[in-house]
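Structure assessment
Each chain, letter by letter, is given below.
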Amino acid sequence: MAEKHYDLIVIGAGSGGVRASRFAAARHCKKVAVIESNRVGGTCVMRGCVPKKLLVYGAHYAEAFEDALGYGWGISGLSFNWSTLIGAKEKELNRLEEIYHNILRDSGVDEISGKGLIIDKHTVEVGGEKLTTENILVATGGWPFLPDIPGIENVITSNEALDLTELPRRMVIVGGGYIAIEFAGVFQHLGVEVEMIVRSDTILRGFDVSIRTMLHDELIKKGIRIRLDSSVTSIKQGSDGFSLQLDPTESLETDIVMYATGRRANTRGLGLEEAGVILKGNGAIEVNAFSQTAIENIYAIGDATDRINLTPVALAEGMAVVETIYGDKPTAVDYANIPSAVFSHPPVGTIGLSEHEAREKYDVDIYISKFKPLIHTLSGRDERAMMKLIVDKKTDRVLGLHMVGMDAPEIVQGFAVALKCGATKAHFDSTIGVHPSAAEEFVTMRQKEVSDR
Ligand code: NDP
């Protein structure tokens, strides 16, 4: 016999789940419960974006102090303490978790700790208690994927890398995507010898070619070793760390092996398929444009659906679902021109189509600017920036905007609004720059380039 009845039960209190719960309860006065088996805040706040960015900030001082010398600063007696950084990061995460608890409580959402199991389309069980509901929203996120190779039990993922008790001398990072690159930058700046093993011929596959080549060069300049076209076939623990067998015949010794080989939807053991929800081959939940599954009152958002796996997208999907169910306004998220960033050193910012994607559909003009940022004229650092526009010749619309360089994530956020509004190259050209800034390059590019491919 069900004890409690809800309008909406949300499974997963990550960014998307919390936002949807809060909107449904506070804005639409619905009776909502959110079920979470781990820490409230989910991957982004507890195991991803936020702690990662704090470590990125921590690591950036390694270069900032060096750069200061060129500006007349005398710096001595500086030291770095990993435990202090990790302790401060943990304190901040505890603070944020408390804020999330308060937000849910103040919105009138019932927070339930435990693992939710869908019994049928109107019943969810948690901790032995059966709750009934009109609608269910699955927002269970994702989890690191590890390939099945001998010795894989010896590796860590980004989850553990955020909580290492001490810094290793050497570290191998397998993968060439967002997480591998961001963590390679953090650890290398903090003095670890980092080597990346990338199975294909490029890092950041799928990104614009100019970003890939520019960032690859910059990472190497900073001392990160990158082995392309290389795979790990086995990992053995030895007396002094780990021994990695690489395809075809090489081997490599290291102290820690971190895998960042993608993530998979957290959809096992939730009773989804038993309830009639369809899963894709990789375990992600199949949904329509309104995030509705094959069962009309069960919705799913965020990484659990493996569409665009970014926190702000999960937030938008969560709000769209609430509008669809309770706002009497079927709302689909517009996935065009979603900006994203890689918090590498230097960082990447990108919006819209890569050159390769644009050329498949359009006749395009390419504008590229590569330069030494003003700050490094006195710091003496050998670091360059790259900015690129991809423009549709026919309509003059800017289809893609890409940058590698300091402040790229902050810069592209502003330009994302322009691209969303359909800005043309003529709009860019008629915009006055902020001088002196790197961002002004985006409105002063006049010289068409031959493809950067
Ligand atoms: P990505 O999909 O970005 O990269 C995975 C990497 O691992 C690729 O280089 C891929 O190679 C490689 N790979 C996949 N399978 C294997 C395998 N079996 N053996 C060896 N290499 C393999 O995943 P991440 O784990 O880096 O990040 C997961 C997601 O998290 C991202 O897609 C992103 O959506 C999100 N994220 C976003 C961030 C941000 O916005 N700044 C930061 C961190 C994560 P190949 O290219 O050949 O497939």
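Check the entry above for the structure.
Residue positions within a chain follow its written sequence, with the count starting from 1. pLDDT decides what is reported in this predicted model: residues at 70 or higher carry local features, side-chain atom pairs at 80 or more are listed and counted, and totals for whole chains, interfaces and linings draw on all residues regardless. For side-chain calculations, the full set of non-hydrogen atoms in the structure is used, while hydrogens and water are omitted.

Below, the discussion takes up the sheet that holds strand β13 (residues 251–254). Within the open sheet, the three strands sit side by side as β11-β12-β13. Their pairing is antiparallel. Edge positions in the sheet fall to β11 (232–238) and β13, since each of these pairs with one other strand and no more. Sheet twist, expressed as the mean angle between neighbouring strand axes with direction ignored, is 20°. Two strands pair if DSSP finds at least two bridges between them. Think of it this way: any DSSP run of H or I at least four residues long counts as a helix, any run of E at least two long counts as a strand, and we number them from the N terminus. Inspection of the sheet shows β11 paired to strand β12 (residues 241–246) by six bridges, in the antiparallel sense. By the bridge assignment for β12, I235 is matched with L244. Lines fitted to C-alpha atoms define the axes here, with helix axes fitted over just the stretch in contact, and angles between the N-to-C directions of these axes take values from 0 to 180 degrees.

Further remarks concern the site of the ligand. The immediate surroundings of the ligand are formed by 19 residues, with G176, I179, R205, N309 and A341 found nearest. At a separation of 2.7 Å, an oxygen atom of the ligand approaches a polar side-chain atom of R205. The definition of a polar contact used here is a pair of N or O atoms within 3.5 Å, where within protein one atom must be able to donate a hydrogen and the other to accept one, and adjacent residues in sequence count solely through side-chain atom pairs. Contact distances for the ligand include 3.0 Å between an oxygen atom and a backbone N or O atom of G262. Per-residue and other accessible areas were derived by the Shrake-Rupley procedure at a 1.4 Å probe size, with only the shown protein chains allowed to occlude residues. Summarising the interface, the protein chains cover 77% of the accessible area of the ligand, which totals 920 Å² for the free molecule. With three residues, the top contributor of residues to the shell around the ligand is helix α6 (residues 178–189). In this classification, Asp, Glu, Lys and Arg are treated as charged, Ala, Val, Leu, Ile, Met, Phe, Trp, Tyr, Cys and Pro as nonpolar, and every other residue, Gly included, as polar. Each residue belonging to the shell around the ligand can be placed in one class, and the counts come to seven nonpolar, seven polar and five charged. In this text, near means that some heavy atom of the residue lies within 4 Å of the molecule or strand in question.

So, on to the packing of aromatic side chains. Two rings belonging to Phe, Tyr or Trp (six-membered ring only in the last case) form a pair when the distance between their centres is within 6.5 Å. Interplanar angles under 30 degrees mark stacking, angles over 60 mark edge-to-face geometry, and anything in between is tilted. In the structure shown here, the tally under the stated rule is six aromatic pairs. Measuring from centroid to centroid gives 5.8 Å for W82 and F187, while their planes differ by 45°, and the two rings are tilted. With a gap of 105 residues between them, W82 in helix α4 (residues 82–107) and F187 in helix α6 connect regions that are remote in the sequence. F187 shares its class with W82; the two are buried. Working definition: with a 1.4 Å probe on protein chains only, accessible area under 20% of the residue-type maximum means buried, over 50% means exposed, and in between means partly exposed.

Here we have four strands laid out as an open sheet, ordered β10-β9-β8-β14, and parallel in their pairing. Of all the strands in the sheet, the pair left with one neighbour each is β10 (225–227) and β14 (256–259). Going across the sheet, the axis of each strand differs from the next one's by a mean of 20°, ignoring polarity. On top of the sheet, α6 reaches β8 (170–174), β9 (193–197) and β14; it is set at about 165° to β9, its chief contact. Contacts are assigned to residue pairs that have any heavy atoms within 4.5 Å of one another.

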